[in-house]
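Structural overview for review
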2 protein chains.
Amino acid sequence: MIPNWLRQRAYLTPNKIALSYKDEKWTFKELKQQAMRYAKQLKAQHILPSDRIALLGTSNVEMVFIIHGAMLLGVEIVMLNNRLTKEEIAWQVDDANVKAVLYADQFEDKITSIQTTSIPFSVVRESEENVFEVERNWSSEKTITIMYTSGTTGFPKGVRQTAENHTSSALSSVLNLGLDEEDCWLCIMPLFHISGFSILVRSVLYGMEVRLYEKFDVKKVTDEIVKGTVTRMSVVSVMLSQILEELEAREVTAHAAFKTMLAGGGSVPVDYLSRAAACEIPILQTYGMTETSSQTATLSSTDAMRKLGSAGKPLFFNEIKIKDAEKPNKHGEVFIKGPHVTPGYIGRFKDHTPLEDGWLPTGDIGYLDEEGYLYIVDRRSDLIISGGENVYPAEIENVLAAHPNVREVGVCGKTHPKWGEAPVAFIVLSDVTRKKELIEFCTERLAKYKIPTEIHFVEQLPRNASNKLLRRELKAWLSTQ
Amino acid sequence: MIPNWLRQRAYLTPNKIALSYKDEKWTFKELKQQAMRYAKQLKAQHILPSDRIALLGTSNVEMVFIIHGAMLLGVEIVMLNNRLTKEEIAWQVDDANVKAVLYADQFEDKITSIQTTSIPFSVVRESEENVFEVERNWSSEKTITIMYTSGTTGFPKGVRQTAENHTSSALSSVLNLGLDEEDCWLCIMPLFHISGFSILVRSVLYGMEVRLYEKFDVKKVTDEIVKGTVTRMSVVSVMLSQILEELEAREVTAHAAFKTMLAGGGSVPVDYLSRAAACEIPILQTYGMTETSSQTATLSSTDAMRKLGSAGKPLFFNEIKIKDAEKPNKHGEVFIKGPHVTPGYIGRFKDHTPLEDGWLPTGDIGYLDEEGYLYIVDRRSDLIISGGENVYPAEIENVLAAHPNVREVGVCGKTHPKWGEAPVAFIVLSDVTRKKELIEFCTERLAKYKIPTEIHFVEQLPRNASNKLLRRELKAWLSTQ
């Protein structure tokens, strides 16, 4: 049993600040009042406890109220990525079989392909309220959120994140990072990703303020770091890079109260680490995924230079092993175990268990050194991480292969100065076609960050004896071009 | 599943300080090495994983090594109170049916009445070592410790404290108190009580230093508080009183780094609260018991004066309710629920479930105010808390009733200037006897703190229509004497 987070928190520390956004602040008591209003309005819109809904919004304060309202009501929330195309959204909504899609009005264009009931936030906001009894406790196995992540097949899988997954993740993290009465976590990561959502969870469990930004604004964010109005934050490398440039341009350092810059979504370039140290920004590199409800391993800032390229050690309640590696430094697939690991998927992957003997195979290749520090040497399934977003080659290949003039296609990642990596496509045509047309074809069907930044026409693709595409060969081709 | 605490902690932060005692310090790696040596020596003494043993020692560093060694080996540990008489110890050892009693050599006199194998620490310390494989994880239900607590019947009950009980207690506490890299918890509470043992648990879960004292030394402890060499500590009122006197005599205040004085074992006098505030000691009053593996509710220091006499609010994962109280301020029995509540007893109380519908009835009478703060108005089963030790009248009555010249006896608590309370006996004699003889009779059979400080001979005892002893009437007699 796990206490209903916001209900318990609003009882324990009603007057602590829970949330700030622009110039406004809300205590936990006020946050609960706002969330309760939305919960009752959802109920009046015929959303009932245990129903599954999808949310499509941005990282603003109304979205936080609706998320907490949905949790108080007890529904399962499919968190939709607002960068997806309407086709991608329709696919996920269909797969998740939700009762309704609730969307911020600005995203009306994104839901035109769905078959399900859809309700704009403006309608919820003006709705009547319908009372209900708030559950005091949740079962540990209760699904709180569902987030879609692609994989080797190119079909997104809806990952269940339970009350226990989220709770143990937040608890493991506090044992690693500590907790102070004055802590305030800056949230510039999308709430529909686990990186952003997990900040909301920490807030209610810790009784900690979240400082929310709808968009990443390097000047304002740097102000907060310099003034010490925030003490912790999560970033991906592309944001870190801009923050460092800003700090260097201003010739200032972070405030002494600023304690943690949690950097996820791929490894941080060494250059950034030394520049961050000069700016007195403690970088903690972390390794996590949707299936583990945020961090599995985290490298402390004091180890950053001594253990270059490492993702650190597991958090307290987690375990990491390298498959079939009896000794340190042996490379193999990274396996993860712990109360933060998803019990499974929904929709068409419902019957696929993600675990082998209780362990989650990540597909990533890595090793543990003599001291037990994790190093990732090769990303799962040729995963491309672009600006912190996961991009799976298979998903892009599936789209391009559907074009009438494309005979074969292979996609791989290429180093990108801003985004870390970006997808590049190699195409064997069956009929003459312009690159521009193929890009347009993708634009209608794929989120912007998935669209290839380069297209190369080739005679044939590298395949092995069983005709399997060798994406690593594509990478090799890139380096010779 | 819960990671084997010390194994995981020594892997994650091997070089952090785990323990300090007098002028020595041990890192988590060193603590594990020491504990492993004792674990292998226990194994060589034929103690096997899953066996149940009893430990009788003081709060010194060898005791910590043996406790951790026993946990690494995977045995259940009955923590014996070293203030008990040999008869009381023999009773518990017999009830617990342990494989062996391990004792500090100085307590040889205390184990002369037991029937079970006994091994002095000096023999363990010199023993050969026998290797074994350390478990990576424990099941949540695994019994880690057993602590005896008396009750209404006067017969001590062996309370099981599981891996989950201890773990959730430490996690709830960290969400309430926070955690800092530099934290160091001063331990002057006995390790055989949950108040002391829980500090060891927090240490391994948090990666936090414990500063251990074998005995409470007011001058040294005050030095630590003033210098800020410790940041948190647990006390009972009698210690707090001495620390305040010492601070006042020296005309100094606590160091700014000193953050938490957790005060348990009965409510803290108002006078102490204001004096503590003047000395800049943040007092957090707490309500807990053996059955809840330490704190259930804790009052923050900022609420201390506003909520005088309150034990605070429950910790995050816990719930408190007042039986049959529909509204605030209604008095009734205090019920507790949460992952920190014992699943039950061992020995002769094995089949007595402590829970009613998932809730632990405490026997204490209290109420929750409008804001949900807990107030205890009457202690369970006429419990007397003397210097932090629980004393049950029935246990003393059972002993005195066995004296040939005693016809009837009733015991109650009387306010004591030093210990808060102390037991007082009312006796109806069947034959002339001197008080001194009765005190000697008790001394052989009862721990010192249980021996009545006063004996009153009376003609008859106050009883109700069903002949039940009315202990509250005894209290009333005291005030008229």
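Residues numbered from 1 in each chain as written. Chains lettered and ligands numbered in written order. Predicted model: local features only at pLDDT ≥ 70, side-chain atom pairs only at ≥ 80, totals over all residues.

**Notes on the overall build of chain A**
Across its full length, chain A carries 13 helices and 27 strands. Expected size for 481 residues packed as a compact globule is a radius of gyration near 23 Å; at 22 Å, chain A falls within 12% of this value. The C-alpha extent of chain A, read off along each of the three principal axes, is 65 × 55 × 50 Å. Burial statistics for chain A: of 481 residues in total, 52% are counted as buried. (Helix = DSSP H or I, 4+ residues; strand = E, 2+ residues; numbered from the N terminus. Rg over C-alpha atoms; globule rule 2.2 N^0.38 Å. Buried ≥ 20, exposed ≤ 12 C-beta atoms within 10 Å, placed from the backbone.)

**Description of the packing of helix H1 (residues 5-12) of chain A against helix H2 (residues 28-44) of chain A**
Residues and elements named next belong to chain A. Packing of H1 against H2 brings their axes to within 8 Å, and their N-to-C directions diverge by 140°. As H1 runs across H2, the sense of the crossing is left-handed. Contacts between H1 and H2 involve Leu 6, Arg 9 and Ala 10 from the former and Phe 28, Lys 29, Leu 31, Lys 32 and Ala 35 from the latter. Looking at the contact of H1 with H2 residue by residue, the classes come out as five nonpolar, no polar and three charged. (Axes fitted to C-alpha atoms, helices over the stretch in contact; angles between N-to-C directions. Left-handed = near helix turned anticlockwise from the far one by under 90°. Contact = placed C-beta atoms within 7 Å. Nonpolar A, V, L, I, M, F, W, Y, C, P; charged D, E, K, R; others polar.)

**Quick notes on the sheet that holds strand S26 (residues 420-429) of chain B**
Residue and element names in this part refer to chain B. Spatially, S25-S26-S27 is the arrangement adopted by the three strands of the open sheet, whose pairing is mixed. Looking at strand neighbours, the two that pair on one side only are strand S25 (406-416) and strand S27 (454-457), the edges of this open sheet. With direction set aside, neighbouring strand axes in the sheet form an average angle of 25°. Pairing geometry for S25 and S26, over ten bridges, is antiparallel. Looking at S26, one finds that Cys 412 is bridged to Val 424. (Pairing = 2+ DSSP bridges.)

**What about the interface of chain B and chain A?**
With 17 residues of chain B at the interface, the matching set in chain A holds 17 residues. Looking at the side of chain B that touches chain A, the elements that each hand over two or more residues are helix H1 (5-12), helix H6 (163-177) and helix H7 (194-206) of chain B. Looking at the side of chain B that touches chain A residue by residue, the classes come out as eleven nonpolar, three polar and three charged.

**Looking at the sheet that holds strand S27 (residues 454-457) of chain A**
Residue and element names in this part refer to chain A. Judged by pairing direction, the sheet is mixed, and its three strands sit side by side in the order S25-S26-S27 without closing on themselves. Every other strand in the sheet has two partners, leaving strand S25 (406-416) and S27 as the edge strands with one partner each. The average undirected angle you get between the axes of adjacent strands in this sheet is 25°.

**Re H1 of chain B**
Along an α-helix, residues three or four apart share an orientation, since each turn contains 3.6 residues. Burial runs high along H1 of chain B: six of the eight residues are buried. Along H1 of chain B, the residues that are buried comprise Trp 5, Leu 6, Gln 8, Arg 9, Ala 10 and Leu 12 of chain B. Structurally, H1 of chain B contributes buried residues whose contacts are with strand S17 (310-314) of chain A together with strand S1 (2-3), helix H2 (28-44), helix H3 (61-73) and H7 of chain B.

**Structural notes on helix H9 (residues 237-250) of chain A**
Residue and element names in this part refer to chain A. The terminal C-alpha atoms of H9, which comprises 14 residues, lie 20 Å apart, in line with the 20 Å expected from a rise of 1.5 Å per residue. Looking at H9, one finds that the buried residues are Ser 237, Met 239, Leu 240, Ser 241, Ile 243 and Leu 247. Buried residues belonging to H9 abut helix H8 (218-227), strand S13 (232-236), strand S14 (260-264), helix H10 (270-278) and strand S26 (420-429). Glu 251, located one to two residues past H9, shows a positive phi value of around 55°. (Expected span 1.5 Å × (residues − 1).)

**A short note on the domain arrangement of chain A**
All names here are of chain A. The domain boundaries assigned to chain A delineate domain 1 (2-138), domain 2 (175-378) and domain 3 (384-480). Taking only C-alpha atoms, the centre of domain 1 and the centre of domain 3 are 36 Å apart. Facing the six residues of domain 1 at the interface are six residues of domain 3. In terms of residue class, the side of domain 1 that touches domain 3 is built from one nonpolar, two polar and three charged. (Domains from an automatic or database assignment.)

**Notes on the relation of the copies chain B and chain A**
For the pair chain B and chain A, the relating rotation is 180°, the translation along its axis is 0.0 Å, and the fit reaches an RMSD of 0.1 Å. Look at the turn and shift together and you get a two-fold axis relating the two. Identified as the residue of chain B closest to the rotation axis by C-alpha distance is Leu 179 of chain B, at 2.5 Å. When the interface residues of chain B are mapped onto chain A, 100% of them again fall at the interface, so both copies present the same face. (Least-squares fit on C-alpha atoms with pLDDT ≥ 70 in both.)

**A closer look at the packing of H2 of chain B against H3 of chain B**
The geometry of a pair of packed helices is captured by two quantities: the angle between their axes and the separation between those axes. Residues and elements named next belong to chain B. One way to put it is that H2 packs onto H3 with a least axis distance of 7 Å and a crossing angle of 65°. If you check the angle between H2 and H3, you find them roughly perpendicular. The way H2 lies across H3 gives a crossing that is right-handed. Within the contact between the two elements, H2 uses Leu 31, Gln 34, Ala 35, Met 36, Tyr 38, Ala 39, Leu 42 and Lys 43 and H3 uses Phe 65, Ile 66, His 68, Gly 69, Ala 70, Leu 72 and Leu 73. Counted by class, the contact of H2 with H3 contains eleven nonpolar, three polar and one charged residues. (Parallel < 35°, antiparallel > 145°, perpendicular 65-115°, else oblique.)

**Structural notes on the nonpolar core**
Of all hydrophobic cores here, the largest spans 242 residues; its most connected members are Ile 53 of chain A together with Ile 53 of chain B. The contacts of Ile 53 of chain B, once residues within four sequence positions are left out, are Ile 47, Ala 70, Val 75, Ile 77, Val 78, Val 98, Lys 99, Ala 100 and Leu 102 of chain B. Among the nonpolar cores identified, the runner-up in size contains 17 residues, and Val 411, Phe 426, Leu 446 and Ile 455 of chain A belong to it. (Core = buried A, V, L, I, M, F, W, Y, C linked by C-beta atoms within 7 Å.)

**Re the environment of Pro 393 of chain B**
Residue and element names in this part refer to chain B. Mapped onto the fold, Pro 393 is located in helix H11 (residues 393-401). Separated by 75 residues in the primary sequence, Pro 393 and Asn 318 have C-alpha atoms spaced 29 Å apart. Sequence-distant contacts of Pro 393, that is, excluding residues within four places in its chain, are made with Asp 382, Ile 384, Val 411, Cys 412, Pro 423 and Arg 471.

**What about the environment of Phe 121 of chain A?**
Residues and elements named next belong to chain A. In this structure, Phe 121 sits in helix H5 (residues 121-125). Of the residues examined, Phe 121 has 23 C-beta atoms within 10 Å and is grouped as buried. For the pair formed by Phe 121 and Tyr 206, sequence separation is 85 residues and the distance between their alpha carbons is 29 Å.

**Points about the environment of Asp 180 of chain B**
Inspection of the secondary structure assignment puts Asp 180 of chain B in the loop between H6 and strand S11 (184-187). Along the sequence, Asp 180 of chain B and Ala 254 of chain B sit 74 residues apart, while their C-alpha atoms lie 18 Å from each other. Those residues within four positions of Asp 180 of chain B in sequence are excluded, and the remaining contacts are Gly 178 and Asp 180 of chain A together with Thr 231 of chain B.

**Comments concerning the pairing of S13 of chain A**
Residue and element names in this part refer to chain A. Most of S13 is tucked away, with five of its five residues classed as buried. The alternating pattern of S13 places Arg 232, Ser 234 and Val 236 and Met 233 and Val 235 on opposite faces, both of which are buried. Pairing of strand S11 (residues 184-187) with S13 involves two bridges; the strand directions are parallel. By the bridge assignment, Leu 186 is partnered in S13 with Met 233. Judged from the five bridges that link them, S13 and S14 form a sheet pairing that is parallel. Within S14, the position partnered with Val 235 by the bridge is Ala 263.

**Things to note about unusual backbone geometry**
For Glu 280 of chain A, which is not a glycine, the phi torsion comes out positive at approximately 60°. Its 14 C-beta neighbours within 10 Å are what place Glu 280 of chain A among the partly exposed residues. Even without being a glycine, Lys 22 of chain B presents a positive backbone phi close to 55°. Here Lys 22 of chain B shows up in the loop between strand S2 (17-21) and strand S3 (24-27). Judged by local crowding, Lys 22 of chain B falls into the exposed class, with 11 C-beta atoms found within 10 Å.

**Some words on the confidence of the model for chain A**
Here chain A shows a mean pLDDT of 94. Residues at 70 or above account for 99%. Reported confidence for the predicted complex is 0.89 by ipTM and 0.90 by pTM. (pLDDT = per-residue confidence, 0-100.)

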